[in-house]
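Observations on chain architecture
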Amino acid sequence: MRKFLIAPSILAADFSYLKDLLNKLEKEGVDLIHIDVMDGHFVPNITIGPDFVDFVRKNTKIPLDVHLMIENPEDYIEKFIEKGADWIIIHYEATLHHDFLLKKIKNLGRKNGIAVNPSTPVFFLEEVLKYTDLVLVMGVNPGFSGQKIIYETLEKIEKLSELRKKENLSFKIGFDGGVKLDNATEILKKGCDILMIGSGIFNSPDFIEEIKKFKKLRF
Ligand code: DX5
Ligand code: ZN
């Protein structure tokens with residue numbers, strides 16, 4: 001069995017007790033916190049911005065992965081890094097300058113990631129994989145937590161995994177959207193390294209118990 005990481009996607013959490021929630025996540029030893037930034041243009045929803053990342057950073061030591069579902073990501077990368085992002089994930093569909101932006105994130109000393117919407121083929125990424133730390137396969141059309149997984153997207157994990165092996169590369173494969181206890185094993189089996197999980201964790205009355213159940217998955 002390969003080791004895998006869990007990144008709770010806190011958009012699905014109850015923000016009214018965020019500090020307490022962050023303490024609990026830290027005590028449980030979660031690997032990453034996934035923060036969804038949406039601008040109402042790239043996706044039909046608006047969520048949080050740099051000040052929220054600042055708040056989370058000041059209240060936990062857990063590494064933060066910031067998923068930018070925004071147009072013109074180049075205008076905000078530095079701001080999110082300044083506020084404490086450890087990983088910055090841009091969307092393939094949101095820019096023409098993948099090469100430039102991924103290298104920029106790396107040069108600023110952070111891990112980079114590139115996300116692909118369900119209809120974007122992974123071979124579009126071929127040229128940038130050598131300097132990509134994470135490919136985030138979207139299991140839903142981005143915009144909202146709590147959507148149903150699009151099963152066809154799992155094939156992309158397999159393709160990326162093969163490509164990684166063939167080219168001897170080391171990027172991680174993440175999967176985001178619709179991850180639940182009953183489909184996580186299948187996703188991991190395909191070669192996924194990091195599960196981003198929103199409602200699959202936070203819709204439960206005891207989210208720490210849910211995280212423990214995910215951690216126990218064997219594949
Ligand atoms: C979708 C977001 C996801 C989402 C995950 O646009 O990028 O991170 O919050 O939530 P669930 O796991 O509920 O689909
Ligand atoms: Zn996300």
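Whatever comes next refers back to the structure up there.
Residues numbered from 1 in each chain as written. Chains lettered and ligands numbered in written order. Predicted model: local features only at pLDDT ≥ 70, side-chain atom pairs only at ≥ 80, totals over all residues. Heavy atoms only, no water.

Considerations on the coordination of the zinc ion (ligand 2)
Each pair of donors in an ideal octahedron of six around a metal sits at 90 or 180 degrees, and each pair in an ideal tetrahedron of four sits at 109.5 degrees. In the first shell of the zinc ion (ligand 2), the protein supplies His 34 (NE2), Asp 36 (OD), His 67 (ND1) and Asp 176 (OD), at 2.1 to 2.3 Å from the metal. Coordination at the zinc ion (ligand 2) comes from six donor atoms whose angles at the metal span 72 to 172 degrees, giving a geometry best classed as octahedral. Counting gaps between the donor residues of the zinc ion (ligand 2) yields the pattern H-x1-D-x30-H-x108-D. Placement of the pair is His 34 in strand 2 (residues 33–38) and Asp 176 in strand 7 (residues 172–176), with a sequence separation of 142 residues. (Donors = N, O, S within 2.8 Å, 3.2 Å for Na, K, Ca; no water. Tetrahedral: all angles 85-135°; square planar, octahedral: opposite > 155°, others 65-115°. Helix = DSSP H or I, 4+ residues; strand = E, 2+ residues; numbered from the N terminus.)

Looking at the packing of aromatic side chains
According to the stated counting rule, one finds five aromatic pairs in the structure shown. Taken together, a centroid distance of 5.9 Å and an interplanar angle of 65 degrees make the contact between Phe 4 and Phe 219 edge-to-face. Taken together, the positions of Phe 4 in the segment before strand 1 (5–8) and Phe 219 in the segment after helix 8 (207–215) put the pair 215 residues apart, joining distant regions of the chain. On the basis of relative accessible area, Phe 4 is assigned to the buried category, the value being 10%. A centroid spacing of 5.3 Å and a plane angle of 50 degrees characterise the contact between Phe 202 and Phe 207, whose relative ring orientation is tilted. Given the relative accessible area of 5%, Phe 207 is considered buried. Linked through ring pairs, Tyr 92, Phe 123 and Phe 124 together constitute an aromatic cluster. Between the NZ or CZ atom of Lys 103 and the centre of the ring of Tyr 131, over which it lies, the distance is 4.5 Å. (Phe/Tyr/Trp six-rings, centres within 6.5 Å; stacked < 30°, edge-to-face > 60°. Buried < 20%, exposed > 50% of the residue type's maximum accessible area, 1.4 Å probe, protein only. Lys NZ or Arg CZ within 6 Å of the ring centre and 35° of its normal.)

Section: empty space enclosed by the protein
The tally for this structure, following the rule as stated, stands at one cavity of 30 Å³ or more. Taken as a whole, the largest cavity spans an internal volume of roughly 200 Å³. As for the largest cavity, its lining consists of 24 residues, and the residues nearest its centre are Phe 144, Ser 145, Asp 176, Gly 177 and Gly 178. When residues of the lining of the largest cavity are traced back to their parent elements, those giving at least two are strand 2, strand 8 (194–197) and helix 7 (199–202). (1 Å grid on protein atoms, 1.4 Å probe; cavity = no way out; pocket = protein on both sides within 12 Å on 5 of 7 lines; lining within 4 Å. Points joined across faces, edges and corners; volume = space filled by probe spheres on them.)

Some thoughts on the pattern of salt bridges
Inspection of every chain in the model, using the stated rule, returns 15 salt bridges. Arg 2 serves as the salt-bridge partner of Asp 193, at 3.3 Å between the closest nitrogen and oxygen. One end of the pair, Asp 193, is in the loop between helix 6 (181–189) and strand 8; the other, Arg 2, is in the segment before strand 1, and 191 residues separate them in sequence. Relative accessible area serves as the criterion here: at 11%, Asp 193 is assigned to the buried category. What makes Arg 2 partly exposed here is its relative accessible area of 31%. (Salt bridge = Lys/Arg side-chain N within 4 Å of Asp/Glu carboxyl O.)

Some thoughts on the site of ligand 1
Surveying the vicinity of ligand 1 reveals 18 residues, the closest of which are Asp 36, Gly 143, Gly 146, Asp 176 and Ser 199. Between an oxygen atom of ligand 1 and a side-chain N or O atom of Asp 36, the distance comes to 2.7 Å. Interatomic distance of 2.9 Å between a side-chain N/O atom of Ser 145 and an oxygen atom of ligand 1. When isolated, ligand 1 has an accessible area of 380 Å², and the protein chains bury 100% of it. The cavity that encloses ligand 1 is the largest cavity. Elements with a contribution of two residues or more to the shell around ligand 1: strand 2 and strand 3 (64–69). Broken down by element, the shell around ligand 1 gets its largest block of residues, three residues, from strand 2. (Near = heavy atom within 4 Å. Polar contact = N/O pair within 3.5 Å; in protein donor to acceptor, adjacent residues only side chain to side chain. Areas by Shrake-Rupley, 256 points an atom, 1.4 Å probe, with all protein chains shown as cover. Sits in = over half its atoms within 2 Å of the grid points.)

Section: helix 5 (residues 154–167)
For helix 5, which comprises 14 residues, the first-to-last C-alpha distance of 20 Å matches the rise-based estimate of 20 Å (1.5 Å per residue) to within 8%. All of the buried residues in helix 5 are Leu 154, Lys 156, Ile 157, Leu 160, Leu 163 and Arg 164. Contacts from the buried residues of helix 5 go to strand 5 (111–116), strand 6 (134–138), strand 7 and helix 6. (Expected span 1.5 Å × (residues − 1). Contact = heavy atoms within 4.5 Å.)

Remarks on the side chain of Asn 117
Turning to its location among the elements, Asn 117 is positioned in the loop between strand 5 and strand 6. By relative accessible area, which is 12% here, Asn 117 ends up buried.

A short note on the environment of Lys 213
Topologically, Lys 213 is positioned in helix 8. On the basis of relative accessibility, which here comes to 39%, the residue Lys 213 falls in the partly exposed class. Sequence separation of Lys 213 and Val 179 is 34 residues, and the distance between their C-alpha atoms is 13 Å.

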